[in-house]
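# Summary of structural features
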Amino acid sequence: MTSDTPRSSSKPVFGMRPVIQTIARMIATDRRASLLASDSGKVLLANPPAQRLGLNQAALREKFDWPTLCTQAYRAGSTAASLSLGTMELEGEVVHISLGARDGYLLRLAENDHEASWLRNRSRSATLLRVAHDLRTPIQSLVATAEKMIETEHATEAERKQDRDQLRHSSEVALDHISNVLGVIRGDQSLAGIRPDETFNITEELRSMLVVIGPIARQRGLELKLRLDPHEDIWVHGPVQFVRALFQNVIDNAAKHGGTEVEISLTCRALPSTDGTDDSLRISLTVKDLGGGLPEDQKARLFKAVGQTRSLGGSAANPPDRPSAGLNVLAHALRQLGGKLDLEDRHVRDDPDGAVTGTMIEVTFPMLRGKREIPPEASAHQAGTEYRELSGIGIILVEDSPSSRDWIGQVLRIAGARVWAAGNGAEALSLLDCPDVRDKLNLIITDMTLPYMTGVEFAHRARKDISVPWTGPIIALTAHVGQKIVDACHAGGIEKVLEKPVRPAILREVILNVIDSNRADGADAAPAALTSASAPQEQPIPLNSYIVNDLLEQFGKSGAISFMQRALNEASDVLSRLRDDGIGPDTGRMLHAATGACTLTGLSMVETALRALELALENQQSTEPGIGQLESAIVETKAALERLD
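Residues numbered from 1 in each chain as written. Predicted model: local features only at pLDDT ≥ 70, side-chain atom pairs only at ≥ 80, totals over all residues. Heavy atoms only, no water.

With that settled, consider the overall build of the chain. Scanning the chain from N- to C-terminus turns up 21 helices and 18 strands. Burial statistics for the chain: of 645 residues in total, 48% are counted as buried. Of the contacts made within the chain by residues no fewer than 6 positions apart, 69% connect residues no fewer than 24 positions apart. As displayed, the chain has an accessible area near 30700 Å², and 51% of this comes from carbon and sulfur atoms. (Helix = DSSP H or I, 4+ residues; strand = E, 2+ residues; numbered from the N terminus. Buried < 20%, exposed > 50% of the residue type's maximum accessible area, 1.4 Å probe, protein only. Contact = heavy atoms within 4.5 Å. Areas by Shrake-Rupley, 256 points an atom, 1.4 Å probe, with all protein chains shown as cover.)

Okay, helix H12 (residues 402-414) next. The end-to-end C-alpha separation of H12 is 18 Å, in line with the 18 Å expected for 13 residues at 1.5 Å each. If you check which residues of H12 are buried, you get Ser404, Arg405, Trp407, Ile408, Gly409, Gln410, Val411, Leu412 and Ile414. Where H12 ends, the next residue or the one after it, Gly416, has phi of about 105°, a positive value. (Expected span 1.5 Å × (residues − 1).)

Under the defined criterion, the tally for this structure stands at 1 aromatic pair. Residues Phe64 and Trp66 carry aromatic rings whose centres are separated by 6.3 Å and whose planes lie at 70° to one another, so their mutual orientation is edge-to-face. (Phe/Tyr/Trp six-rings, centres within 6.5 Å; stacked < 30°, edge-to-face > 60°.)

Take the sheet that holds strand S4 (residues 88-99) next. One open sheet holds the 5 strands; their spatial order is S2-S1-S5-S4-S3, and the pairing between them is antiparallel. Both edges of this open sheet fall to strand S2 (43-46) and strand S3 (78-85), since each of them pairs with a single strand only. Sheet twist, expressed as the mean angle between neighbouring strand axes with direction ignored, is 25°. In terms of strand pairing, S4 meets strand S5 (residues 102-110) through 9 bridges, oriented antiparallel. The residue bridging Glu91 from the neighbouring strand is Ala110, located in S5. Against the sheet, helix H4 (residues 66-76) engages strand S1 (33-37), S3, S4 and S5, with an angle of about 155° to S3. (Pairing = 2+ DSSP bridges. Axes fitted to C-alpha atoms, helices over the stretch in contact; angles between N-to-C directions.)

Moving on to the environment of Ile475. Mapped onto the elements of the fold, Ile475 is located in strand S16 (residues 474-478). Considering only alpha carbons, one finds Ile475 and Gly493, 18 residues apart in sequence, at a separation of 9.4 Å. When residues no more than four places from it in sequence are discounted, the contact partners of Ile475 are Leu443, Ile444, Ile445, Thr446, Ile494, Lys496, Leu498, Val510, Ile511 and Val514.

In terms of burial, S5 is largely enclosed, as 7 of its 9 residues are buried. Here 5 bridges tie S1 to S5, and the two strands are oriented antiparallel to one another. Its bridge partner lying in S5, Ala37 is registered against Tyr105. Joining the antiparallel neighbours S4 and S5 is a turn of 2 residues, in which Gly100 adopts a positive phi near 75°.

What follows is the structure, given as structure tokens:
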């Protein structure tokens, strides 16, 4: 968005002259500092108080994040603004004004302490309201997960291990969500804290929200269904904090009041443009429930909250009640995204005249397309690779960890397989219900520790609880192989259990053997546990040569080093947190995640140090020796990566 480029036409719009004259009179008579400017900061009109403050184009760009303020005002209509001048604090807002072929932005700042305090307190009250509401869901998720563990205290060790992993994963996502909410507080409380738009994976944001909502849904006996269109990771550029808030409040409301089933769909479509580019996307989140429908007064409150008018019964003499905290949060996020909301009743068998069985809510908003950075050498290496053993084989990969899902997915695609990746069991079941996928599918690979439903539960449902049950082979991935886990997999219809980290060559070999076995005789034997092979080493060395060679062979030097460097950075972050903050509630989760990343990428010396720290933490022993060991391992591994490069 540039100030000197019209949005719709380059022709002057003479009918705007009365509007501009009105704005000029309003600015001239305003006792507050007021001005009208373009999004580049070019001042079109300014009154004497604004001139005394020196608010010219240079000042707007220096003292404000003016382009960000204009973007937020354009999406939401207006946005808060503040300015510090010595001991004086000025509070106000930026309002978007359409000037026909161009856009203008009206800045108004309060100079007296009383009005500035009122504006500041009003903004803080609204922020605290949103935060208090948003924190409820991750906390409820943790409570629901903990209660499930307590209720299953007599389960098998394998089931208890899965419950602990689920609690750890739920805690990780919930803490990340809480951190995001607190970040919104900091961003809303001061101009310096405004969070700029960023590039993010909107598909993964929805998956993460289901991790938070999943335990609450299970506690209420609610089934979540997820559909993605297209079924791939979509990267966008925009205000991620408001996307998260919108997703949470729409889905959370359905999970609490949606009856026995909630269908969630995310659709991303390119928006038409005048210049032929497809840089903009139309994002639609549709949530359908079976909660019996919304009463007319609740529908009216919903549309009142989002600022949309719609005839839904009632009258001006009997206006709807004040919107709830949840609706206010939803409305704020929707305004900030420049979106709209649609609501319809769901009828029996889609009969408009039948009984209402539930509600369909759809929120739609525009986003810029984001570009995911991929190491160029890795892409080039993949294009010319000779590994095509899995050519023509269709695989559904179910893995909740984005980094592991990306790594395994790339390994399979390089080998020639067609891969449909899913972040949880609900998403994978929707893929199995899609004929275009099912007709080309040969194999399912699933992680054992998944949010909402475990890998065993997913396999059981894939075999029995979908419209066309899956009869083909299923392979499980797990960090710990034991007989009880193998037995549980067999009961769920899983043929093979692979222990992480699995080397690409072993994974390819197992896939081919399983498919060949099923093609030959449809064998239904008990699953065999297979431990990923690695070269035995008498003493820790910085890099596991077997795994590193596999990475180099699969992804090229740039791609392999990129994967290893990300894992090393994760371990370095753990070390920094331990040094600065000591042991905290998130330490165990961070150690576990960093250990897995280093194991996968062959950072054997760092992996050994991290495992020693995990053991010390578990046994309530001093972590000081382990911290020193980790620090030395990181230094040696960094040097080894530099030599490799």
